[in-house]
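# Fold and geometry: a report
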Amino acid sequence: MESVLKASWVLSVVLLVSNWKHWTHGKRVPQVPCYFVFGDSLFDNGNNNYLSTAPKVNYLPYGIDFDTGASGRCSNGLNIADTIAEQLGFDSYITDFGVGGCTNYLDGVNYGSNGAGILDITGSKSVITYHMPLIAETLYYSGELFTMNIQLYNHNITVSRIAKILGSEEVARKYMGQCIYVSDMGHNDYLNNYFLDNYTSSQEYDPEHFAQLLIDTYESQLESLYWTGARKIALFGIIRVGCMPSNIQKNLDKLDASSCAYELNNDVQIFNGKLRNLVEKLNNKHSNARFTYINSYEIDSDNQTNKGFTYTRESCCLVEPRAVPCTSLSVPCSNRDDYVYWDGAHFTEAKAWAFGKRAYKRQSPTDAYPYDISELVKLKLDDSDAYDINHAEL
């Protein structure tokens, strides 16, 4: 009992000091103490800049509307993760983890990586074999991606650092249990794996079984995240990948009435359905945590967030035919707020804001299930479970 009271007292002091820091600097007090981001290129805020051969976008015209220029975000400005951070009340950008050099991790960390997937093989032509006790830096500089497994490994490093700063694992658990966690994974497991001819995935699995493989792997990863102290987790589904300009160009003979590659969209919807079911399963299993499903596919529809845009199937920047990245130093469109897509696959800041607003505060019952992010923030959860950093195995 004494240790519990002491942990609660220490946590109260930590939160008071954190709020005082914001008040004295004239800043808003965030709705949660910290915000952790896992994901791919839709959420990456510059982590791939630290890698030698991974896909990165640290050149103009990327970042043309960002206050520091080309930051590594696949956008002209902010991405979806940034818009959610701002709606949560954070006045500063959430730091990228990079290769572990970040120091401002009490507010949260972004681990997202352009090209990363749920499966380790995604984004690489050969299987990557490693064991988590291995020093992670040996993987970083080989030019590989920050896969979901590596992002979780990096998060364990962050958790250990926070526990050291706050004085104990118990205080760290209570602190991190109040934070918001978002994960946007699965896109590349299709785009840079299942849909590619140089992978055997589509020969080994039909769409149903491949989606189940992803869900089974993802479930194990999310359990690992839970055991690090995460209690409020928003899982983003896969967007309409068949409507990306690059995929439309690659599948001109397989377009539906909406001018999208319907087979690609049909495949990812199998995953999305299973992901929503996984949310229910995890919520039933963990009464002291809440997982929620953000219906990215439905939010990313022409009759939802795309209504206010003039160009919904074209890239704003100059892109080579059937490709994704902007041509270096090319001049993009001037009316960027009229475009859904910035390059061949990623959203403009305007679309990121339209999307992020619906994820944070649903405008339709189908946007999120069972909670939107603003509702997830307000939930009061039982935090009496024990945190065991040694249980956080990947």
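Quick note: structure is the one above.
The paragraphs below set out a description of the structure included in this document. The structure presented is a predicted model; accordingly, all values stated were derived computationally and were not measured.

A few words on the pattern of salt bridges. Evaluation of the coordinates by the stated rule reveals 13 salt bridges. For Asp91, the salt bridge identified is with Arg28, shortest N-O distance 3.3 Å. A residue pair is termed long-range when its members are at least 10 positions apart, and Asp91 in the loop between α2 (80-87) and β2 (95-96) and Arg28 in the loop between α1 (2-24) and β1 (35-39) qualify at 63 residues. We classify Arg28 as partly exposed; its relative accessible area is 41%. Among the salt bridges present, the one from Arg313 reaches Asp302, with a minimum N-O distance of 2.7 Å. Here Asp302 lies in the loop between α11 (296-299) and β7 (311-315) and Arg313 lies in strand β7, a separation of 11 residues in the sequence. Note on Arg313: relative accessible area 16%, which makes it buried. Residue classification places Asp302 among the partly exposed residues on the basis of a relative accessible area of 36%. Each of Arg362, Asp372 and Glu375 takes part in salt bridges that share partners, so that together they form one network.

On to the nonpolar core. In terms of nonpolar packing, the biggest core is built from 89 residues, with Tyr35, Phe36, Leu88, Phe236, Phe271 and Ile373 touching the most fellow members. Here the element with the most residues in this core is helix α8 (residues 207-227); it accounts for 8 residues. Grouped together as the second largest cluster of nonpolar side chains are 10 residues, Cys74, Cys316, Cys333 and Trp342 included.

For the rest of this paragraph, the subject is the state of the cysteines. Throughout the structure, instances matching the rule amount to 4 disulfides. In this model Cys243 forms its disulfide with Cys260; the gap between the sulfur atoms is 2.0 Å. Because the torsion about its S-S bond is 110°, the bridge between Cys243 and Cys260 counts as right-handed. Remark: Cys260 occurs in the loop between α9 (245-250) and α10 (262-285) and Cys243 occurs in the loop between β5 (232-236) and α9; sequence separation between them is 17 residues. For the residue pair Cys243 and Cys260, the accessibility class agrees, reading buried in each case. One disulfide bridge connects Cys317 with Cys326, the sulfur atoms lying 2.0 Å from each other. Linking Cys317 and Cys326, the disulfide has an S-S dihedral of approximately -90° and is accordingly described as left-handed.

Moving on, we get to the environment of Lys250. Here Lys250 shows up in helix α9. Overall, Lys250 belongs to the partly exposed group, its relative accessible area being 39%. Each C-alpha atom of the pair Lys250 and Arg322 lies 5.8 Å from the other, and the pair is 72 residues apart in sequence.

Let's shift gears to unusual backbone geometry. Here the bond from Leu60 into Pro61 is cis, since omega is 15°, no more than 30 degrees from zero. Omega for the bond connecting Tyr369 with Pro370 falls within 30 degrees of zero, at -5°, which places this linkage in the cis form. For Pro370, the location among the structural elements is in the loop between β9 (368-369) and α13 (373-378). Phi at Ser259 takes a positive value of approximately 65°, unusual for a residue other than glycine. Within the secondary structure, Ser259 sits in the loop between α9 and α10. A relative accessible area of 37% means that Ser259 is categorised as partly exposed. Phi at Arg322 is positive, roughly 70°, even though this residue is not glycine. Tracing the sequence through the fold places Arg322 in the loop between β7 and β8 (339-341). In this structure Arg322 comes out as partly exposed when scored by relative accessible area, which is 48%.

Calculation rules
Residues numbered from 1 in each chain as written. Predicted model: local features only at pLDDT ≥ 70, side-chain atom pairs only at ≥ 80, totals over all residues. Heavy atoms only, no water. Salt bridge = Lys/Arg side-chain N within 4 Å of Asp/Glu carboxyl O. Helix = DSSP H or I, 4+ residues; strand = E, 2+ residues; numbered from the N terminus. Buried < 20%, exposed > 50% of the residue type's maximum accessible area, 1.4 Å probe, protein only. Core = buried A, V, L, I, M, F, W, Y, C linked by side-chain atoms within 4.5 Å. Disulfide = S-S within 2.5 Å.

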